[in-house]
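Structural overview
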Amino acid sequence: MIASWGADYLWLDGCNMNRSEMESRYELWSHLLNESGREIVWEVSWPAYVAEHGNDPGNSPYNIELWYKSAWVGHEFRFYNDNAPEWTHILDIAESTHEYNMARFHRPGAYAFMDMLESGNSPLTFAESRSHFALWLIMAQPLHLGNDIRNLSTELLNMFTNPDVVRIAKDPAVLMGRRAAMNGSRLNGTQVWVRDLSDGSRLVGLLNALPIVDHCNWTERRGGYFQVDPPTPSGNLLCSNDLAQLKATCCQAGPEACASVDWQASTNNGCAKHNDKLGWVNDSSFVDYILEGGVGPVPTPTETICFNWTQIGLNPYEPTMVRNIWTQTDLGLFNTSMCLPVDYHDTVLLHLQQ
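Reference entry: report on the structure contained in this document.

1. What about the overall build of the protein chain?
Looking only at helices and strands, the protein chain has 8 helices and 17 strands in total. The C-alpha atoms of the protein chain give a radius of gyration of 22 Å, which matches the 20 Å a tight globule of 354 residues would have. Referenced to the eigenvectors of the C-alpha coordinate spread, the extents of the protein chain come out at roughly 60 × 55 × 40 Å. Scored against the burial criterion, the 354 residues of the protein chain give a buried share of 48%. Sequence-distant contacts, at least 24 apart, represent 70% of the contacts inside the protein chain between residues at least 6 apart. When the accessible surface of the protein chain is summed, it comes to about 16,600 Å², and 51% of that surface belongs to carbon and sulfur atoms.

Next up, the structure:
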């Protein structure tokens, strides 16, 4: 029936399915699609539901067998949490993909799938959307847009249709990238990411994931929270499981854009809110941090990130042509290493050819 509809893609989720039956059901679907007479790309969510989570999931014998098997059942197999338009969550997916060494299972026609893109969805900034897109490109992901393409900004449209991006996305080797260097922690620091391309060149991403510095003064009020207008979630500036990030984001936005941060310790979650117009709500599980007036926005920090040819697997003694992917301009020949400034939560994307 699906083939008769002219479908080209099928996303088969595992919601409300008995986990003990998932393997047999997904294998049956694989057989039926192969016998349908139509080429249909399909996504397998089964491993994301049944994978083991422990101290070292990437080396779990159960997970390794599961992921190898999944790579033969579907064209794209999920293995981790659902994506969401939340900065640290996006970073965690990329970092975990690298740390689990999912490149072992990733090949043309069988993608270790990090989920659809959230680029362009609120509350991500354009810089964060661009970093998200760059990381998925470096990790050789199917680039499924998860936003409303009817309302794309010019910036997003230019990024998605960038000829250099399209060319790299079609690289036939489909080699998954890796984190080549890190200064700081996996979610708060600067990083260098690299993908090997089929012609021997490299795609390099310089990521500034440094946190905002919270320089603001706060009044703490326990036993409830201020309700925002319009009510949650529409009136939120950002929701997160990182209180320091919420306060720093609110601090940077300033009192004209953010009134307070509510925090619920029992769920380890909270929201930075645009205003407190609907008044106080009594709830003993919450603490509300009220941003004091007179604090202006924080200048967006820029960080210089350096890397060398050895870190990305190139000959350190050979001159290398460097091209900026976003601007589609050649930066010239460089030797051994280079340094570039990168804006807060942004990624400079480069192509290096020897």
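2. Some remarks on the sheet that holds strand S3 (residues 76–78)
Adjacent strands of a sheet form backbone hydrogen bonds with each other and so pair up, either parallel or antiparallel. Sheet architecture is open: 4 strands sit in the order S1-S2-S3-S4, paired in parallel fashion. Unpaired on one side and paired on the other, strand S1 (9–12) and strand S4 (111–113) mark the two borders of the sheet. Neighbouring strand axes in the sheet, compared pairwise and without regard to direction, differ in orientation by 20° on average. Relative to strand S2 (residues 41–44), S1 is paired through 4 bridges, and the arrangement is parallel. From the neighbouring strand, Leu10 faces S2, where its bridge partner is Trp42. Strand contacts of helix H1 (residues 22–34): S1 and S2, with the helix running at about 180° to S2, the strand carrying the most contacts.

3. A closer look at the packing of aromatic side chains
Counted under the stated rule, the structure contains 12 aromatic pairs. Relative to Trp42, the ring of Tyr26 has its centre 6.0 Å away and its plane inclined at 25°; by these criteria the two rings are stacked. Taken together, the positions of Tyr26 in helix H1 and Trp42 in strand S2 put the pair 16 residues apart, joining distant regions of the chain. Judged by relative accessible area, which is 2%, Trp42 ranks as buried. Consider the rings of Trp67 and Phe105, whose centres lie 5.5 Å apart with planes at 65°: the pair is edge-to-face. Taken together, the positions of Trp67 in helix H3 (residues 61–73) and Phe105 in the loop between helix H4 (87–99) and S4 put the pair 38 residues apart, joining distant regions of the chain. On the accessibility criterion, Phe105 (1% relative accessible area) is buried. Among the aromatic residues, those joined into a cluster by ring pairs are Trp67, Tyr68, Phe79, Tyr80, Tyr100 and Phe105.

4. Section: the sheet that holds strand S8 (residues 218–226)
Reading across the sheet, the 5 strands line up as S8-S12-S10-S11-S9 and stay open at both edges, with antiparallel pairing between neighbours. Either end of the sheet is taken by a strand with one partner, and the two such strands are S8 and strand S9 (236–240). Geometrically, the sheet is characterised by an average inter-axis angle of 25° between neighbouring strands, direction not taken into account. Relative to strand S12 (residues 280–291), S8 is paired through 8 bridges, and the arrangement is antiparallel. Bridging across to S12, Glu220 finds its partner in Tyr289.

5. Notes on the side chain of Ser70
If you trace the backbone, Ser70 turns up in helix H3. Overall, the relative accessible area of 0% leaves Ser70 in the buried class. Among the polar contacts made by the side chain of Ser70, one reaches the main-chain carbonyl oxygen of Leu66 at a distance of 2.7 Å.

6. Considerations on helix H5 (residues 126–138)
Owing to its 3.6 residues per turn, the α-helix brings residues three or four apart onto one side. Here H5 is 13 residues long and its end C-alpha atoms lie 18 Å apart, about the 18 Å a rise of 1.5 Å per residue gives. Of all 13 residues that make up H5, 12 are buried, and the element is covered over most of its length. Of all the residues in H5, the buried ones are Ala127, Glu128, Ser129, Arg130, Ser131, His132, Phe133, Ala134, Leu135, Trp136, Leu137 and Ile138. Buried residues along H5 sit in contact with H4, helix H6 (154–160), helix H7 (163–169), strand S6 (189–196), strand S7 (202–208) and strand S17 (347–353). Trailing H5 by a residue or two, Ala140 shows a phi angle of about 55°, which is positive.

7. What about the nonpolar core?
Counting 55 residues, the largest nonpolar core has Tyr26, Phe77, Phe79 and Met102 as the members making the most contacts within it. Setting aside its immediate chain neighbours within four residues, Phe77 contacts Val44, Pro47, Trp67, Ser70, Ala71, Met102, Phe105, Tyr111, Ala112 and Phe113. Judged by nonpolar contacts, the second largest core, of 17 residues, contains Val204, Leu206, Trp309 and Val348.

8. Topic: the pattern of salt bridges
Applying the stated criterion across every chain yields a total of 18 salt bridges. Here Arg25 and Glu21 are joined by a salt bridge, their closest N and O atoms 2.8 Å apart. Arg186 is the salt-bridge partner of Glu99, the closest N and O atoms lying 3.0 Å from each other. Highlighted residues: Glu99 in helix H4 and Arg186 in the loop between strand S5 (178–184) and S6, separated in sequence by 87 residues. If you follow the salt bridges from partner to partner, you end up with Asp92, Glu95, Glu99, Arg179 and Arg186 in one network.

Parameters at a glance
- Residues numbered from 1 in each chain as written.
- Predicted model: local features only at pLDDT ≥ 70, side-chain atom pairs only at ≥ 80, totals over all residues.
- Heavy atoms only, no water.
- Helix = DSSP H or I, 4+ residues; strand = E, 2+ residues; numbered from the N terminus.
- Rg over C-alpha atoms; globule rule 2.2 N^0.38 Å.
- Buried < 20%, exposed > 50% of the residue type's maximum accessible area, 1.4 Å probe, protein only.
- Contact = heavy atoms within 4.5 Å.
- Areas by Shrake-Rupley, 256 points an atom, 1.4 Å probe, with all protein chains shown as cover.
- Pairing = 2+ DSSP bridges.
- Axes fitted to C-alpha atoms, helices over the stretch in contact; angles between N-to-C directions.
- Phe/Tyr/Trp six-rings, centres within 6.5 Å; stacked < 30°, edge-to-face > 60°.
- Polar contact = N/O pair within 3.5 Å; in protein donor to acceptor, adjacent residues only side chain to side chain.
- Expected span 1.5 Å × (residues − 1).
- Core = buried A, V, L, I, M, F, W, Y, C linked by side-chain atoms within 4.5 Å.
- Salt bridge = Lys/Arg side-chain N within 4 Å of Asp/Glu carboxyl O.

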